[in-house]
Amino acid sequence: MLIFTPQALAFVAVPKTGTTAIEKALQPHADILFRKSQKHTSAQRFHRRIRPFVRATFDTSLESFAVLREPEDQIRSWYKYRCRDEIRDKPEYAGQLSFNDYVKALLSDSPPPCAQIGSQYRMLSGRGGRIIVDHLFAYERWDQLEAFLTDRFGHRINFEPHNVSPYVKADLSPELRSRLRAARPAEFDLHARLMAADGKLRPRQETKAV
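Definitions and cut-offs
Residues numbered from 1 in each chain as written. Predicted model: local features only at pLDDT ≥ 70, side-chain atom pairs only at ≥ 80, totals over all residues. Heavy atoms only, no water. Helix = DSSP H or I, 4+ residues; strand = E, 2+ residues; numbered from the N terminus. Rg over C-alpha atoms; globule rule 2.2 N^0.38 Å. Buried < 20%, exposed > 50% of the residue type's maximum accessible area, 1.4 Å probe, protein only. Contact = heavy atoms within 4.5 Å. Areas by Shrake-Rupley, 256 points an atom, 1.4 Å probe, with all protein chains shown as cover. Pairing = 2+ DSSP bridges. Axes fitted to C-alpha atoms, helices over the stretch in contact; angles between N-to-C directions. Parallel < 35°, antiparallel > 145°, perpendicular 65-115°, else oblique. Left-handed = near helix turned anticlockwise from the far one by under 90°. Nonpolar A, V, L, I, M, F, W, Y, C, P; charged D, E, K, R; others polar. Core = buried A, V, L, I, M, F, W, Y, C linked by side-chain atoms within 4.5 Å. Salt bridge = Lys/Arg side-chain N within 4 Å of Asp/Glu carboxyl O.

Now, about the overall build of the protein chain: what can you tell me, with residues and values included?
In terms of helices and strands, the protein chain carries 9 helices and 6 strands. For the protein chain, whose C-alpha radius of gyration is 18 Å, the value lies close to the compact-globule estimate of 17 Å for 210 residues. Counting every position in the protein chain, which comprises 210 residues, the buried fraction comes to 48%. Partitioning the contacts of the protein chain with sequence separation of at least 6, the portion at a separation of at least 24 is 72%. Accessible area for the protein chain stands at about 10,900 Å²; split by element, carbon and sulfur atoms hold 48% of it.

What follows is the structure in structure tokens.
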């Protein structure tokens, strides 16, 4: 998570959605930077703890933004990341599994360490499953995020690729794709709605309007 008080913004870093590239590009502008285990602070914790602290300390009311990736593709990115040779001797290593087997492990009642990856939807939602970030962008429409940040920072932000995973064959069978969609319907539906809205949504504003 990054906090920018002049822009009244907070970046909620959802894993495997280009977060390292965003962090590297925006880090020089950040007033507060969360690292290591706190890098991927959830939207709910931001709302409960961090936003009130910043409001009381800096007299700044923050808006939050985040990126959502097509769910199957985000899981595929996790799989490739955990197939890296440098973690071969760690419990998180997934190179012994095909992608089909990895998704089966993810969907099991007790996922092994390599398949414990959380959920994009849970990262972004609060009580009752409501999405509580102010601005949500599609990973597949990076141009929308760039335009938003250019407007808020007053100049173009240049991104460079980081944490690019090695090539690994990662095809998914139709049967497992159906099971995955059935297991995570809210996440797939949110991504579909985001793409239908040209790659950007204002979820908290929509909730208030209901």
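So that's the structure; there's more coming.
How would you sum up the sheet that holds strand β3 (residues 32-33)? Please name residues and give values.
If you trace the 6 strands from one edge of the open sheet to the other, you get β3-β1-β2-β4-β5-β6, paired in mixed fashion. This sheet does not close on itself; its edge strands, each paired only once, are β3 and β6 (200-201). Relative to β3, strand β1 (residues 2-4) runs antiparallel, the two being bridged by 2 bridges. When the bridges of β3 are listed, I3 appears paired with I32. Packing against the sheet, helix α1 (residues 19-26) makes contact with β1, β2 (9-11), β3 and β4 (63-68), and its axis sits at approximately 35° to β1. Against the sheet, helix α8 (residues 185-196) makes contact with β4, β5 (135-138) and β6, and its axis sits at roughly 85° relative to β5, the strand it touches most.

Give me the side chain of R76: which residues, what numbers.
As for its placement among the helices and strands, R76 is situated in helix α3 (residues 71-81). Setting aside anything within four residues of it in sequence, one finds R76 in contact with F99, A170, L172 and R177.

Give me the lowdown on the environment of S61, citing residues and values where you can.
Residue placement: S61 occurs in the loop between α2 (43-58) and β4. Put simply, S61 and P111 are 50 residues apart on the chain and 39 Å apart in space, counted from C-alpha to C-alpha.

Residue-level account of unusual backbone geometry, with values.
Its identity is not glycine, yet A8 carries a phi of approximately 55°, on the positive side. On the secondary structure map, A8 appears in the loop between β1 and β2. Here D198, not a glycine, exhibits a phi torsion of approximately 70°, which is positive. Looking at D198, the relative accessible area reads 41%, which means it is partly exposed.

Any chance you could break down the packing of helix α4 (residues 99-107) against helix α7 (residues 174-183) for me, citing the residues and the numbers?
Orientation of α4 relative to α7, taken along the N-to-C sense of each, is 30°, at an axis distance of 11 Å. Classed by the angle they form, the pair α4 and α7 counts as roughly parallel. Read as a crossing pair, α4 and α7 show a hand that is left-handed. Residues N100, V103, K104, L106 and L107 of α4 touch α7, and the partners they reach there are L176, R179, L180 and A183. Per-class residue counts for the contact of α4 with α7 are 6 nonpolar, 1 polar and 2 charged.

Quick one: what's the story with the nonpolar core, residue by residue and with numbers?
Counting residues in each nonpolar core, the largest one holds 23 residues, and the members touching the most others are I3, V12, L124, V133 and L136. When contributions to this core are tallied by element, the ones reaching two or more residues are α2, β4, α5 (120-124), β5 and α8. With 4 residues, the top contributor of residues to this core is α2. Every residue in contact with I3, bar those within four places of it in the chain, is listed here: L9, A10, A30, D31, I32, F34, F46, I50, V54 and L62. Counting residues in hydrophobic clusters, the runner-up holds 20 residues, among them C83, Y102, A105 and L172.

Quick one: what's the story with the pattern of salt bridges, residue by residue and with numbers?
All told, the structure shown has 13 salt bridges when counted by the stated rule. One salt bridge in this structure joins R76 and E72, with 2.6 Å as the shortest N-O distance. Taken together, the positions of R76 and E72, both in helix α3 and 4 residues apart, correspond to about one turn of that helix. As far as burial versus exposure is concerned, R76 and E72 are alike and both buried.

How would you summarise α1 if you had to cite specific residues and measurements?
Most of α1 is tucked away, with 7 of its 8 residues classed as buried. Regarding α1, the residues found buried are T19, T20, A21, I22, E23, A25 and L26. Tucked inside the fold, the buried residues of α1 contact β1, β2, β3, β4 and α6 (142-153).

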